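Structural overview for review
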Amino acid sequence: MLPLLRQPGANAAAMREVRLRAAPGRTQLAPEPFGETSAWCYNGTVPGPEIRVRQGERLRVAVENGLAEETTVHWHGVRVPNAMDGVPHLTQAPIAVGERFVYEFDAVDAGTFWYHPHQRGFEQVGRGLYGPLIIEEPEPIRVDRDVTWVLGDWRLMKSGEISDDFGNRHDIHHNGRVGNTVTINGRVPDSFAVRKGERIRLRLINTANARIFSLDFAGHEPIVIALDGQPVSPHAPDGGQVVLGPAMRADLIVDMTGEPGSRASIVDRFYQGLEYRLVDLAYADAPLRERAPDWPMELPANPLPEPDLNTASRNEVVLTGGMMGEMVAQDMGESVGPGAPGGMMGDMKPGGMMGDMNSMMGGMMRMMNSGAAWFINGVAADEGSHVMKPMLTLARDKSHVIAMTNATAWHHPMHLHGHSFRVISRNGQPTRRREWQDTVLVSPREKVEIAFVADNPGDWMFHCHVLEHQAGGMMGVIRVA
Ligand code: C2O
Ligand code: CU
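Every value quoted in this text rests on a predicted model; they were computed, and no experiment measured them. (Residues numbered from 1 in each chain as written. Chains lettered and ligands numbered in written order. Predicted model: local features only at pLDDT ≥ 70, side-chain atom pairs only at ≥ 80, totals over all residues. Heavy atoms only, no water.)

**A word on the pattern of salt bridges**
The condition is simple: Salt bridges are counted wherever a side-chain nitrogen of Lys or Arg sits within 4 Å of a carboxyl oxygen of Asp or Glu. Segments assigned H or I by DSSP are reported as helices when at least four residues long, segments assigned E as strands when at least two residues long, and all are numbered from the N terminus. The buried label goes to any residue with under 20% of its type's maximum accessible area, the exposed label to any with over 50%, and the partly exposed label to all in between, with areas taken from a 1.4 Å probe on protein chains only.
This model, assessed by the stated rule, comprises 48 salt bridges. R155 is the salt-bridge partner of D171, the closest N and O atoms lying 2.9 Å from each other. Separated by 16 residues along the polypeptide, D171 in helix α2 (residues 169-173) and R155 in the loop between β9 (145-154) and α2 bring together distant segments of the chain. Residue classification places D171 among the buried residues on the basis of a relative accessible area of 5%.

**A short note on the coordination of the copper ion (ligand 2)**
Formally: Each metal site lists N, O and S donors within 2.8 Å (3.2 Å for Na, K and Ca). With water left out of the atoms, a site can look as if it is missing ligands.
For the copper ion (ligand 2), the full set of protein donor atoms is H412 (ND1), C464 (SG) and H469 (ND1), at a range of 2.0 to 2.1 Å. Overall, H412 belongs to the buried group, its relative accessible area being 0%. Of the residues examined, C464 reaches a relative accessible area of 0% and is grouped as buried.

**Describing the sheet that holds β9**
Threshold: Paired strands, as defined in this entry, are two strands with at least two bridges between them according to DSSP. Only the stretch in contact is used when fitting a helix axis, every axis being a line fitted to C-alpha atoms; angles between N-to-C directions are given from 0 to 180 degrees.
Strands sit in the order β10-β9-β12-β17-β14-β15 across an open sheet of six strands; the sheet is mixed. Each edge of the sheet is formed by a strand with only one pairing partner; in this case those strands are β10 (181-184) and β15 (230-235). Between one strand axis and the next, the sheet turns through 25 degrees on average, direction left out of account. With seven bridges connecting them, β9 and strand β12 (residues 199-206) associate as parallel partners. For T148, the partnering residue across the bridge sits in β12 and is R203.

**Quick word on the packing of aromatic side chains**
Within a pair of aromatic rings, the relevant descriptors are the distance that separates the centres and the angle that separates the planes. What counts is decided by this rule: Here the aromatic set is Phe, Tyr and Trp, taking the six-membered ring for Trp, and pairing holds for ring centres within 6.5 Å; pairs whose planes are under 30 degrees apart are stacked, those over 60 apart are edge-to-face, and all others are tilted. Consider the ring centre and the ring normal. A charge sits over the ring if Lys NZ or Arg CZ is within 6 Å of that centre and within 35 degrees of that normal.
The tally for this structure, following the rule as stated, stands at seven aromatic pairs. A ring pair is formed by W75 and Y103, whose centres lie 5.5 Å apart and whose planes are at 75 degrees; its orientation type is edge-to-face. Residue W75 is located in strand β5 (residues 74-76), and its partner Y103 is located in strand β6 (residues 100-106); the two are separated by 28 residues in the primary sequence. Residue W75 shares its accessibility class with Y103, and that shared class is buried. These aromatic residues form a ring-pair network of at least three members: Y42, W75, F101, Y103, F105 and Y115. One residue, R127, lies across the ring of W40, its end atom 5.1 Å from the ring centre. For the cation-ring pair, R177 lies above F166, with the distance from its terminal atom to the ring centre recorded as 3.8 Å.

**Some points on the nonpolar core**
Selection rule: Throughout this description, the term nonpolar core refers to a set of buried Ala, Val, Leu, Ile, Met, Phe, Trp, Tyr and Cys residues connected via side-chain atoms within 4.5 Å.
Of all hydrophobic cores here, the largest spans 31 residues; its most connected members are W149, L202 and L252. Broken down by element, the residue count for this core peaks at four residues, all from strand β19 (residues 276-283). Among the nonpolar cores identified, the runner-up in size contains 29 residues, and I172, V423, W460 and F462 belong to it.

**A few points about the pairing of strand β1 (residues 15-27)**
In this structure, β1 lies alongside strand β4 (residues 58-65), joined through eight bridges in parallel fashion. Residue pairing across strands places A22 opposite N65, the latter belonging to β4. Judged from the six bridges that link them, β1 and strand β2 (residues 37-42) form a sheet pairing that is antiparallel. Of the residues in β2, the one forming a bridge with G25 is A39.

Encoded structure:
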């Protein structure tokens, strides 16, 4: 990272300049006897460098494409102007091989964010292109250590190389590319050194294509203080485990309450029968202090506009498709594919019928050829282009509710660009904390309502962050105008 540059002028925000080069490289993911693994890296490492700025600073990132294909960088969860959002064709031309693009935006919200390509993400992210973006509060809460864990998931072959079966039909139609090797900050971890009495702010970022984590902290009682970068009233996680779908983040306060010299295993319990030890907390012989500190944990709120539910528009969004999708959709009174409520059929207007019918048939042909598997309101997106008719147009600066129904047999972490939203209900029950998120994990057959003020103009992606589901069509455009 280049040194901090001060701009002339009394009130000018500080500017951080960073250079990111995406290119093939080699990295030691798995422990000995495995050797290095070929991966795609930012600045030669996996994950890419941690970009750290202060809230209110301006960030300028020059991205160079050293890959053999086009790319972009998306600043996941950061409320950037549309032109800086990194969505190929929709918000910018893809960065051609050997070319560069300069992103520049203000760090409006403090929190834990990350960056990744939005071009053929299922392969570019799956080969290692991602990194953490930490925006610090002007006055961070007091902790002994501020630690970032970038959780990665890889499908490695016996040779230690990455299996190249990206975007295969099976992964697309089921739960995505769940791998066989989980890394923390790009290494298969064994232990993480801690001291009794130590307080750690642990920033977890799930960069996996598809793996969902449910972390059991082995008798430690983590307190969740932020989700997807946004502060939440400090609380113990429901059910005691920290659940993170792809792209989601959690900031935890973990007080190290174990005895000196002891070890405790953090276990991921999300997939039943496939539980595994993620990493051990390894206590040093000397304690830092005898008991946990009582320092405040509450984070200052970010400048998010509060949605007004009394005036909010209401928008139904139905997710369908995938393996066993016919059955679930039928149970729930929905139909799969074109013709579902609000889908292409619903859009046809008298008079324009033939034209729309032609484009619909074209769409269906493309879908069949590309093996479209997933639908939002009956429409499967073409992942290659990212350009499509908006599925919703939301009035700017007004409040909106999106009511999502997951009429499929699988989990979907649904992500909206350019905004954070409050999760206001699940299956008709108001949520306890009305948490702000940018990605909400929706369980099979679940209904989730989100609410937000559409204050950021432009065309924004709304998609599933299981990258194989996105590639299989589970993506749409929401226009704020
Ligand atoms: Cu993390 Cu559409 O992106
Ligand atoms: Cu999905």
